[in-house]
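Chain by chain, the residues:
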Amino acid sequence: MIVGLSADGTYLSSDINAVSRVATEFVTLEDHEIVRIISGKYTILSYGKEVNKVSEKITSEFQTAHKGDYETFTEKEIHEIPEVFRNAFTGRLNFETQTITNETLDALSDQEIDRIEIIASGSSYFAGMVGTSWFKEIAGIPADVRISSEFLYDTFLPSKKTLYIFMSQSGETADVRESLKMVKEKGCLTFGIVNVVGSTIARMCDMGLYTHSGVEVGVASTKNIIGQLSVLILMAISLGLKRELQMKDARELIRHLGELPEKFQKQLNNKHLLAPIIEKYSAFTNFFFLGRNLLYGTAQECSLKLKELTYIHAECYSSGELKHGPLALINSKMPSVVLNLKGVLREKTNSNIKEIKARNGIVLGVVTEGEQHQKDLYDDVIEVPTCHPLLSPFFPVTPLWLVAVGIAKKLGRDIDKPQNLAKSVTVE
Ligand code: G6P
């Protein structure tokens, strides 16, 4: 909770963004503090005693949040993705020497860690799913991701050799914050991956890296997920280099990471190619999203984005799980969006697609560009640039988010503020 201050008024909010256009300074409230506002003057009390707190200036970054040439913040924020990559890597990755140069990552590499748990909600949880695959595959560290509201009430078995990563765009999500408190009370090592600088979760963690994605106004998170993925893969490479990861493999990955901003810009420049897909698929009211292995978390995220922005029912399954029940729902009225890129169990997913087609299902494939023989499997395809297989979770998001935005527009939805949702969920 923050108190926003200006010459014209005093404001209360859970998020600096919300008051950035009316307030010039803010004060952060800690646990058990109460603010009393009388005739525009505020006093902060802790257990009945007045406390003096120094206010901080609201930086120009918050004040300049505007839509620019875009109709919505969400579209603007999706178009900022190339910049998000640059911000996440600046001062952390040296692309010339293909090395990681960061004090926090160095300090983290010196810790004795034999397991990682990522705790998060919503889109951050799905980014965490991808992160666990990277920690296992790149760093050779067992890793798991937990929904914060489940983690909080599950039996907690603390381990001093586990790194607990708390991931949150806002840094204020109640379930994540309370989980963090629980882990800290047991004296375990906590690491924050947060966007909003100075937020509660960022301040509470022992260590952390900001995503530096810039202000995210759209209620449904977009660009910050790319910032989270960027930080997660950096951590995996850095931790991996202290273990079995070979320098030549790390360099190869870093070289590919350096190409991401340009490849994403190309995807954004080609967004007009999505128009027929938006037109055709806006007619459906139920969707399956399918992906497996590294692409499962991305499929979950894209399914959530369609739900949030369009209010259309979308369910996500691991492609291999389809035959264990959900297949009963397949017919010509329920399209499946299948994420199926080169190098990520593609042959296995191809047979899942054939199972759908045999039941008159419609399949929209997200595929690697230039592979004509693959395209015949699908009713429609969205092509994404070729990439290192480990980086494939990045690529389907931009086109599928833009398809969700396009459908939401056709249906007249409030894209920046979907019904019933909040940007920072500060209650459990
Ligand atoms: C809300 C937002 C989601 C977001 C989730 C977690 O539900 O609408 O877009 O993913 O909170 O937020 P966090 O700030 O913790 O990443």
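To be clear, the structure that these remarks concern was listed above.
Q: Provide a residue-level description of the site of the ligand, including the pertinent values.
A: Around the ligand, the surrounding shell holds 15 residues, and the nearest of these are Ser-124, Ser-168, Gln-169, Ser-170 and Thr-173. Here an oxygen atom of the ligand and a backbone polar atom of Ala-422 are 3.1 Å apart. Starting from 390 Å² of accessible surface for the ligand in isolation, the protein chains cover 91%. If you tally residues by element for the shell around the ligand, the top one is helix 6 (residues 122–139), at three residues. In the shell around the ligand, the residues fall into four nonpolar, nine polar and two charged.

Q: Explain the sheet that holds strand 13 (residues 189–194) to me, and be specific about the residues and the numbers.
A: Strand order in the open sheet formed by five strands is 11-10-12-13-14, and the pairing between neighbours is parallel. A single partner strand is all that each edge strand has here, and the edge strands are strand 11 (143–147) and strand 14 (207–210). Taking each pair of neighbouring strands and ignoring which way they run, the sheet shows an average axis angle of 20 degrees. Summarising the sheet, strand 13 and strand 14 pair through four bridges and their orientation is parallel. In the sheet register, Val-194 faces strand 14, and the bridge partner there is Tyr-210. Set on the sheet, helix 8 (residues 174–185) makes contact with strand 10 (115–120), strand 12 (162–168) and strand 13; between it and strand 12 the angle comes to about 160 degrees.

Q: Which residues make up the pairing of strand 17 (residues 336–340), and what values go with them?
A: Most of strand 17 sits out of view: five of its five residues are buried. Residues Ser-336, Val-338 and Asn-340 line one face of strand 17 and the alternating positions Val-337 and Leu-339 line the opposite face, and both faces are buried. As paired elements, strand 17 and strand 18 (residues 363–368) share five bridges and run parallel to each other. If you follow Asn-340 over to strand 18, its bridge partner there is Val-367. With helix 15 (residues 346–357) bridging strand 17 and the parallel strand 18, this β-α-β connection has right-handed handedness.

Q: Now, about the packing of helix 6 against helix 10 (residues 223–241): what can you tell me, with residues and values included?
A: At a minimum axis distance of 9 Å, the contact between helix 6 and helix 10 shows a crossing angle of 20 degrees. Regarding the angle of helix 6 to helix 10, the classification is roughly parallel. Handedness of the helix 6/helix 10 crossing: right-handed. Contacts between helix 6 and helix 10 pair Ser-123, Ser-124, Ala-127, Gly-128, Val-130, Gly-131, Trp-134, Phe-135, Ile-138 and Ala-139 from the former with Ile-225, Gln-228, Leu-229, Leu-232, Ile-233, Met-235, Ala-236, Ile-237, Leu-239 and Gly-240 from the latter. Split into classes, the residues belonging to the contact of helix 6 with helix 10 amount to 14 nonpolar, six polar and no charged.

Q: I'd like to hear about the sheet that holds strand 6 (residues 49–51), residue by residue, with values.
A: Spatial strand order, 4-5-6: three strands in an open sheet with antiparallel pairing. The sheet is open, and its two borders are formed by strand 4 (33–38) and strand 6, each paired with just one other strand. On average, each strand axis in the sheet is tilted by 40 degrees relative to the strand beside it, whichever way the strands run.

Q: So, the packing of aromatic side chains: which residues are in play, and what are the values?
A: Tallied over the entire structure, the rule returns 14 aromatic pairs. For the pair Phe-89 and Phe-95, a centre-to-centre distance of 5.9 Å together with 75 degrees between the ring planes defines the contact as edge-to-face. Given the relative accessible area of 3%, Phe-89 is considered buried. With a relative accessible area of 35%, Phe-95 lands in the partly exposed category. Cluster of aromatic residues (ring-pair linked, three or more members): Phe-85, Phe-89, Phe-95, Trp-134, Phe-264, Phe-394 and Phe-395.

The rules behind each value
- Sequence order sets the numbering: in each chain, residues are counted from 1 along the sequence as written.
- Given that the model is predicted, a residue must reach a pLDDT of at least 70 before its local features are reported, and side-chain atom pairs must reach 80 or more before they are shown or counted; all residues, however, enter totals for whole chains, interfaces and linings.
- Heavy atoms from the whole structure form the basis of all side-chain values; hydrogens and water molecules are not counted.
- Neighbouring residues are identified by heavy atoms, a residue being near a molecule or strand if any of them is within 4 Å of it.
- For the purposes of these results, a polar contact is taken to be a pair of N or O atoms within 3.5 Å, where, inside protein, one atom must be able to donate a hydrogen and its partner to accept one; residues adjacent in sequence count only when each atom of the pair is a side-chain atom.
- In these tables, accessible area is a Shrake-Rupley quantity obtained with a 1.4 Å probe, and a residue counts as shielded only by the protein chains included in the view.
- Only DSSP runs of H or I covering at least 4 residues are called helices, and only runs of E covering at least 2 are called strands; the numbering of each starts at the N terminus.
- Any residue that is not Ala, Val, Leu, Ile, Met, Phe, Trp, Tyr, Cys, Pro, Asp, Glu, Lys or Arg is counted as polar, Gly included; the first ten are nonpolar and the last four charged.
- Strands pair, by our definition, only if DSSP identifies at least two bridges between them.
- In this analysis, axes come from line fits to C-alpha atoms, helices being fitted only over the stretch in contact, and the angle between any two N-to-C directions falls in the range 0 to 180 degrees.
- Residue contacts follow a heavy-atom distance rule, with two residues in contact if any of their heavy atoms lie within 4.5 Å.
- Relative accessibility under 20% of the residue-type maximum defines a buried residue, over 50% an exposed one, and the middle range a partly exposed one, all with a 1.4 Å probe and only protein chains included.
- Every crossover in which the path from the first strand over the helix to the second runs clockwise, viewed with the strands pointing away from the viewer, is termed right-handed.
- Roughly parallel refers to an angle under 35 degrees, roughly antiparallel to one over 145, roughly perpendicular to one between 65 and 115, and oblique to any angle outside these ranges.
- Helix crossings get a hand from a simple test, with the near helix turned counterclockwise from the far one by less than a right angle marking a left-handed crossing and a clockwise turn marking a right-handed one.
- Pairing of aromatic rings covers Phe, Tyr and Trp, the last through its six-membered ring, and needs centres within 6.5 Å; plane angles under 30 degrees mean stacked, over 60 mean edge-to-face, and all others mean tilted.

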